[in-house]
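# Architecture and fold: a report
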Amino acid sequence: MWTSAGQVADLGMLLARTDPDVPKHQGISYFALDMHQPGIEVRPLKEMTGRALFNEVFITDARATADAVIGGLNNGWAVANTTLAYERSGLGAGGGSAAGGAATPGTVAGDLERRAGDFVRGGSQRRPAGPGAMLGASEKVLTELARANGMIADPTVRQDLVRLHVLNQIARFMNLRQKALRSTGGDIPGLGNMAKLSMSEILRLSRDLGLRILGPYGTLHAYSPDERKRLEEATRMPMAAMVTELALFTQGPSIYGGTDEIQHNILGERVLGLPKEPSNDRSTPFKDLARNR
Ligand SMILES: Cc1cc2nc3c(=O)[nH]c(=O)nc-3n(C[C@H](O)[C@H](O)[C@H](O)COP(=O)(O)OP(=O)(O)OC[C@H]3O[C@@H](n4cnc5c(N)ncnc54)[C@H](O)[C@@H]3O)c2cc1C
């Protein structure tokens with residue numbers, strides 16, 4: 001369930017329980033799974049934005065070979081934490097959604113055959129902007145929209161536009177700081193988690209502010225490029241569809257890559273050293289944990 005970009009993947013990340021006799025975090029292995037083999041069925045799921053960025057993936061008698069284990073047998077939790085930390089700081093740095101970038105990696109989407117220039121602004125192969133595009137641009141788009149429909153005179157709208165600007169600047173500086181530190185071998189514990197939390201906050205503010213600026217037009221959404229064109233003509237708001245798309249998409253990012261609550265828990269427990277949540281998970285063999293049979 002929820003496999004972002006599964007429909008265009010050559011390889012999947014498969015976390016499988018390989019030892020039920022040890023506590024649950026210790027008995028998982030991380031495999032690179034060949035997605036082009038019999039027994040892998042990918043079913044795209046349509047989201048309320050109208051796009052299908054993620055999928056259900058059914059795995060029936062498929063094979064993951066021993067030489068495809070990454071990071072050693074039963075060490076998958078550590079590897080997963082590394083890939084999750086990478087995903088979180090990437091999202092916080094404006095990466096948006098795992099499947100939302102301009103160019104799609106892998107052989108399925110066919111982007112490897114194209115030139116890099118095709119994916120930059122104005123390139124001939126550029127796809128219609130998705131929610132990912134709006135992530136970094138919301139401040140500019142919303143300011144232009146508010147100017148165009150007169151909402152810019154509303155002091156509460158101005159205040160929230162400035163708040164959005166400040167949050168975006170802080171996120172940008174956090175990202176630069178992390179990059180500078182990484183280049184000298186340093187790190188700030190928890191910065192990736194904070195970056196992801198701040199992205200969720202920026203998105204929620206962009207959604208609420210965007211819908212206020214759009215007013216009743218915010219209830220209209222375009223599900224195809226054709227509808228988008230007609231909506232923009234009817235409302236005379238060229239960016240209306242981008243705003244409603246962002247508003248419908250905003251619920252996702254504070255869930256994927258670990259929910260906001262989980263980021264808070266990680267910061268509390270691993271960075272601030274607060275007491276861990278009470279649990280027997282860490283000492284009891286996985287097979288002895290209470291669960292649905
Ligand atoms: C758009 C989208 C794309 C996704 N793409 C992928 C993908 O590509 N690959 C992948 O593996 N997964 C993907 N996911 C799944 C995602 O990682 C999980 O949905 C997410 O980690 C939350 O887990 P869950 O759904 O099991 O929620 P649960 O863990 O059941 O959480 C339910 C609620 O309880 C809260 N909660 C849970 N535990 C605690 C706790 N200890 N303390 C406080 N609150 C808690 C949560 O914050 C949440 O509000 C995607 C999800 C979405 C929405």
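Residues numbered from 1 in each chain as written. Predicted model: local features only at pLDDT ≥ 70, side-chain atom pairs only at ≥ 80, totals over all residues. Heavy atoms only, no water.

This brings us to the overall build of the protein chain. The helix and strand tally for the protein chain stands at seven helices and five strands. Overall, the protein chain shows an N-to-C arrangement of helices and strands of β-β-β-β-β-α-α-α-α-α-α-α. Within the protein chain, the fraction of its 293 residues that count as buried is 37%. Of the roughly 17,000 Å² that the protein chain leaves accessible, carbon and sulfur atoms contribute 58%. Each charge class in the protein chain can be summarised by its mean position, and for the 34 positive and 31 negative side chains these summaries are 4 Å apart. (Helix = DSSP H or I, 4+ residues; strand = E, 2+ residues; numbered from the N terminus. Buried < 20%, exposed > 50% of the residue type's maximum accessible area, 1.4 Å probe, protein only. Areas by Shrake-Rupley, 256 points an atom, 1.4 Å probe, with all protein chains shown as cover. Lys, Arg positive; Asp, Glu negative; His and termini not counted. Charge placed at Lys NZ, Arg CZ, Asp CG, Glu CD.)

For the rest of this paragraph, the subject is the environment of I213. Looking at the element boundaries, I213 is found in helix α4 (residues 191-214). The spatial distance from the C-alpha of I213 to the C-alpha of G273 is 42 Å, given a sequence separation of 60 residues. Residue contacts for I213: discarding those within four places in its chain leaves L142, L145, A146, N149, M151 and V157. (Contact = heavy atoms within 4.5 Å.)

Here the focus is the site of the ligand. Taken together, 13 residues are adjacent to the ligand, and W2, S4, T259, E261 and N265 come closest. One of the side-chain nitrogen or oxygen atoms of T259 is found 2.7 Å away from an oxygen atom of the ligand. One nitrogen or oxygen atom from the side chain of E277 is found 3.2 Å from a nitrogen atom belonging to the ligand. Compared with its free state, where it exposes 970 Å², the ligand has 50% of that area covered by protein. For the shell around the ligand, the secondary-structure elements that each account for two or more residues are β1 (3-4) and α7 (260-271). (Near = heavy atom within 4 Å. Polar contact = N/O pair within 3.5 Å; in protein donor to acceptor, adjacent residues only side chain to side chain.)

How two aromatic rings sit relative to each other is set out by the distance from centre to centre and by the angle between their planes. Applying the stated criterion across every chain yields a total of two aromatic pairs. Between the aromatic rings of F249 and Y256, the centroid separation amounts to 6.5 Å while the plane-to-plane angle is 55 degrees, which identifies the pairing as tilted. Above the plane of the ring of F286 lies R17, whose end atom (NZ or CZ) is 3.5 Å from the centre. (Phe/Tyr/Trp six-rings, centres within 6.5 Å; stacked < 30°, edge-to-face > 60°. Lys NZ or Arg CZ within 6 Å of the ring centre and 35° of its normal.)

This next bit is on the packing of helix α5 (residues 225-235) against helix α6 (residues 240-249). Helices that pack against each other are described as a pair by the angle of their axes relative to one another and the distance between those axes. The contact between α5 and α6 brings their axes to 9 Å, and the two run at 115 degrees. Contact residues: α5 offers R228, L231, E232 and T235, while α6 offers A240, A241, M242 and E245. Considered class by class, the residues forming the contact of α5 with α6 number four nonpolar, one polar and three charged. (Axes fitted to C-alpha atoms, helices over the stretch in contact; angles between N-to-C directions. Nonpolar A, V, L, I, M, F, W, Y, C, P; charged D, E, K, R; others polar.)

This part is about the pattern of salt bridges. Applying the stated criterion across every chain, the model contains 16 salt bridges. With a closest N to O distance of 3.3 Å, D187 and R182 form a salt bridge. Judged by its relative accessible area of 45%, D187 is partly exposed. Since its relative accessible area comes to 48%, R182 is described here as partly exposed. Its salt-bridge partner being R204, residue D260 comes within 3.1 Å of it at the nearest N-O pair. Of this pair, D260 sits in helix α7 while R204 is found in helix α4, placing the two residues 56 residues apart along the sequence. (Salt bridge = Lys/Arg side-chain N within 4 Å of Asp/Glu carboxyl O.)

In a beta sheet, neighbouring strands are held together by backbone hydrogen bonds and run either parallel or antiparallel to one another. In space, the three strands of this open sheet follow the order β1-β5-β4, with antiparallel pairing throughout. Each of the sheet's edge strands pairs with one partner strand only, and the pair in question is β1 and β4 (40-45). (Pairing = 2+ DSSP bridges.)

Taking 1.5 Å of rise per residue, 24 residues should cover 34 Å, and α4 covers 34 Å from first to last C-alpha, within 8% of that figure. Within α4, 18 of the 24 residues are buried, leaving the element largely enclosed by the surrounding structure. Where α4 ends, the next residue or the one after it, G215, has phi of about 65 degrees, a positive value. (Expected span 1.5 Å × (residues − 1).)

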